[in-house]
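Survey of secondary and tertiary structure
Spelled out from the first residue to the last, the chains are:
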Amino acid sequence: MRYIFFFLAMILAVFGNTYISDYIGYSMRTTVAFTLLILYCLYKFTKGEYTNKTDNTYKHIIIVGVLIIIVHLLLGNNYIQSMLTMVFIPCLFYIFFIRLNKKEKSIFRLALIILFLVNCSIAIWEHHNQTFFIKHEISKIDLLESWSFRARALLGHPLANALIMSPMILYILISDLNIKIKLVLFAIGEYALLCFNTRSGLLATTICAIPLLYKEIKKQNRTVRKYYYITILLIGVLSITYIINNNIGGRLVNISSNEGFLSDGSSLARLEILDFVDYISTDELIFGSPESYDKLLIAMNLMGVENGLVTLILTYGIFLGLSLAFCLILFYWKRMAYLGNTERICIMACYIGIGLTNPHIAYSLAWYYFLFDFIAFIPWNNYIKLKESKI
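Description of the structure in this document. (Residues numbered from 1 in each chain as written. Predicted model: local features only at pLDDT ≥ 70, side-chain atom pairs only at ≥ 80, totals over all residues. Heavy atoms only, no water.)

**Brief notes about helix H7 (residues 102-129)**
With 28 residues, H7 should cover 40 Å at 1.5 Å per step; its first-to-last C-alpha distance of 40 Å lies within 8% of that length. Phi for Gln130, located one or two positions after H7, is positive at around 55°. (Helix = DSSP H or I, 4+ residues; strand = E, 2+ residues; numbered from the N terminus. Expected span 1.5 Å × (residues − 1).)

Printed below as a string of structure tokens:
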């Protein structure tokens, strides 16, 4: 009964934060999504199944979260809800997730794989039918760039999908799943990224996947390695041919556009946003505010701030915003050492690289899934070492 409840809690957690909430009609997305999971954490607390060993990186995240709340309350801004979802709840989950048994960890991984397959399947269906599965709000950019349909699936904006799905694809590659299953999931994920039509997501994932695929194949028996290499090479060539000759991944090759590969409005907006300091006041730069984001869009005539760090600065101020980003990255970087250097460099480079091309890394949802991916897909032997550590 315990494990059935945990499975249901995980399914609600990974699906409840998606746009299914819009379809069903509830608004308090995070509160509803994590209700069962928090109850399960309370159960684990009564059983003593949690860690009280935390290092400075864990404490620093909490300190920055508290500082953001206090400073902005003094400025008249209420960021309690933001810090609750971005800092305090993930920190609460971590001390329990680091003490999962093998069956719990398998359930954790299964829930993430189900989300992965469902989201990818919907993206592929949307692209094939040129319509949205869930009729949520369509962005102005999608309407203007009608030459290139962009799937949205369950996670909303294509850039949000890329930021969440791309690290998941790489985490799957470093997991202890069977190599054939990994390659199938990798192929499905790459195809879904084409349907989301995000250059940064597709390029970052593909480039960062190459060393991980090489290491994975190198572990196999010498007689079968060449078959894997040949298969991947053939699939790569066929994929490139298919992309060039079909209406998919339009942003990657800019099909039907007279503009260059990096000369369209979206790419130019990412360059223009680097001049954001010229359009905000000194107070807004130092302290940030809830209104700074929208004010900058109007001042620069942009449809979105396609840079996660700039979004953090606009929201929390340059010192607190960058401190929050630094502490979050350092927290995961230290724990990802148990994956291996190549693995953590590739995954973190992909995540941060995509995060610098869209605003969603400044919000809690992407960090939730990054934490879930880490716990779900870290190989069991590495997870045991992490459990026994003092972090």
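Still more to cover.
**Focus on a nonpolar patch on the surface**
A surface patch of nonpolar side chains, amounting to about 370 Å² of accessible area, comprises Leu75, Ile286, Phe287 and Phe319. Among the secondary structure elements, Phe319 is positioned in helix H18 (residues 318-335). On the basis of relative accessible area, Phe319 is assigned to the exposed category, the value being 56%. (Patch = residues over 30% accessible without salt bridge, like charges linked within 9 Å, V, L, I, M, F, W, Y side chains within 5 Å. Areas by Shrake-Rupley, 256 points an atom, 1.4 Å probe, with all protein chains shown as cover. Salt bridge = Lys/Arg side-chain N within 4 Å of Asp/Glu carboxyl O. Buried < 20%, exposed > 50% of the residue type's maximum accessible area, 1.4 Å probe, protein only.)

**Topic: the environment of Thr357**
Residue placement: Thr357 occurs in the loop between helix H19 (341-355) and helix H20 (364-377). Each C-alpha atom of the pair Thr357 and Gly201 lies 9.2 Å from the other, and the pair is 156 residues apart in sequence. If near-sequence neighbours (up to four positions away) are discounted, Thr357 is found in contact with Leu159, Ser200, Arg270, Glu306 and Asn307. There is a polar contact of 3.1 Å between the side chain of Thr357 and the side chain of Ser200. Only 2.7 Å separates the side chain of Thr357 from the backbone oxygen of Ile354, close enough to count as a polar contact. (Contact = heavy atoms within 4.5 Å. Polar contact = N/O pair within 3.5 Å; in protein donor to acceptor, adjacent residues only side chain to side chain.)

**Digging into the nonpolar core**
Formed by 107 residues in total, the largest nonpolar core has its most connected members in Leu37, Phe108, Leu324 and Phe372. The greatest single-element share of this core, amounting to 11 residues, is contributed by H20. Leave out the neighbours within four places in its chain, and Leu324 touches Val64, Ile68, Met83, Met86, Val87, Leu312 and Tyr316. Counting residues in each nonpolar core, the second largest holds 13 residues, with Ile273, Phe276, Met300 and Val310 among its members. (Core = buried A, V, L, I, M, F, W, Y, C linked by side-chain atoms within 4.5 Å.)

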